[in-house]
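Chain residues, written in single-letter form:
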Amino acid sequence: MTRYLWTPTEPASLAVHGTAERLPVHRLFFVGRNYHAHAQEMGVTIDKATAQPFYFTKSPVHLLDSGATQPYPPETQNYHHEMELVVVLGRGGFQVPLQRAPELIYGYAAGLDMTRRDVQLRLRDKGHPWCLGKDVEGSAVCGAVRPMPGQVLQQGEIVLEVNGAVRQRADLSQLIWSVPELIADLSRYYHLQPGDVIYTGTPEGVGPVQPGDRLQGRVAGIGEVDLTIAAPA
Ligand code: MN
């Protein structure tokens, strides 16, 4: 047994539909721009023939279970919701061919990639890393994982409501890079591991939240994600 100077933080984990056992999380990857209409609202046009997907990461300590209440974070006046399909890996792989990428899939969940938009854009425009805009405490919200080993989701509605009003609505068929394409691409850079989690990007309609707001998202056939924003603390 390793002896530590102080008690280590519990490993990050996710709830799983149909079991009380939790899924241990290894890493959190996020795809930058993966729906044309969202890329356009961010001022960018994506040509898949020449573009490559890009990624950022968040520390797994920022994971938050669906149903949480989270204070509005410091150092932003424009905290945004990004509703996303989340894919969770149950097997590892490196330099995985596209046709074998589905073998790494454990399941899917509904998630929120909460973002300090003002900070992210300020950093982006200076050519700086996005960390302070994205790697926000409590900003990786995730619902229970639906086990679907090896299955590729081709379509399904993805919706986010804020206080009961629809803010984001799209279909997974609109993803620019599919889940297998993302897994194969990421595996060129990383030795992917069980418990690696990929937030697959948000559709159009991102926007600000305020203290008191209730966010309710869902992905058809997969599950829901729920977040309440509290006063700054
Ligand atoms: Mn995102």
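Nothing here was measured: the structure is a model prediction, and the numbers come from that model.

Basis of the calculations
- Per chain, residue numbering runs from 1 following the sequence as it is written.
- Local features in a predicted model are, by the rule used here, given only for residues with pLDDT of at least 70; side-chain atom pairs are given and counted only at 80 or more, and totals for whole chains, interfaces and linings are based on all residues.
- Remark: hydrogens and water are excluded; side-chain values derive from all non-hydrogen atoms of the structure.
- Distances define the donors: N, O and S atoms within 2.8 Å of the metal qualify, as do those within 3.2 Å of Na, K or Ca. Water is excluded, so some sites may look unfinished.
- Going along the chain from the N terminus, every DSSP run of H or I of four or more residues is numbered as a helix, and every run of E of two or more is numbered as a strand.
- When accessible area is computed with a 1.4 Å probe and restricted to protein chains, residues below 20% of their type maximum are described as buried, those above 50% as exposed, and intermediate ones as partly exposed.
- For this document, the term salt bridge refers to a Lys or Arg side-chain nitrogen within 4 Å of an Asp or Glu carboxyl oxygen.
- We define a nonpolar core as any set of buried Ala, Val, Leu, Ile, Met, Phe, Trp, Tyr and Cys residues linked to one another through side-chain atoms lying within 4.5 Å.
- The contact rule is simple, with two residues in contact once any of their heavy atoms fall within 4.5 Å.
- Any two strands are treated as partners once DSSP identifies two or more bridges connecting them.
- A fitted line through C-alpha atoms serves as each axis, taken over the contacting stretch for helices, and the angle formed by two N-to-C directions is quoted from 0 to 180°.

A. Quick peek at the coordination of the manganese ion. Taken together, the protein ligands of the manganese ion are E82 (OE), E84 (OE) and D113 (OD), with distances of 2.0 to 2.1 Å. All donors of the manganese ion belong to a single chain; written as a sequence motif, their spacing is E-x1-E-x28-D. In this pair, E82 is assigned in the loop between β7 (79-81) and β8 (83-89) and D113 in strand β9 (residues 105-113), connecting sequence segments 31 residues apart. For the pair formed by E82 and D113, the shared burial category is buried.

B. Representation of the pattern of salt bridges. Counted according to the given criterion, the structure contains 13 salt bridges. The closest approach of N and O atoms between K134 and D113, which form a salt bridge, is 2.9 Å. Of this pair, K134 sits in helix α3 (residues 131-134) while D113 sits in strand β9, placing them 21 residues apart in sequence. Both residues of the pair, K134 and D113, belong to the buried class. In this structure, a network of salt bridges that share partners links the residues K58, E82, D113, R117 and K134.

C. Representation of the nonpolar core. Core analysis: the biggest nonpolar cluster contains 47 residues, and Y108, L112, M114, I183 and L215 have the highest contact counts within it. Mapped onto this core, the elements with two or more residues apiece are β3 (27-31), β8, β9, β13 (157-162), α4 (179-186), β17 (214-219) and β18 (223-230). Tallying contributions element by element places α4 first for this core, with 5 residues. Here Y108 is in contact with L85, V86, V87, A144, V145, R146, M148, Q151, V152, L153, V179 and I222, once residues within four sequence places are set aside.

D. Quick look at the sheet that holds strand β10 (residues 115-116). Taken in spatial order, the 3 strands make up an open sheet running β10-β7-β16, and their pairing is antiparallel. Of all strands in the sheet, those with a lone pairing partner are β10 and β16 (207-208), marking the two edges. Here 2 bridges tie β7 to β10, and the two strands are oriented antiparallel to one another. Bridge pairing in β10 links Y79 to R116.

E. Geometry of the sheet that holds β13. Ordered in space as β6-β18-β17-β13-β14, the 5 strands form an open sheet in which the pairing is mixed. The sheet is open, and its two edges are formed by β6 (68-71) and β14 (165-171), each paired on a single side. Neighbour-to-neighbour, the strand axes of this sheet turn through a mean angle of 20 degrees, independent of strand direction. As paired strands, β6 and β18 are joined by 4 bridges and run parallel to one another. From the neighbouring strand, A68 faces β18, where its bridge partner is L227.

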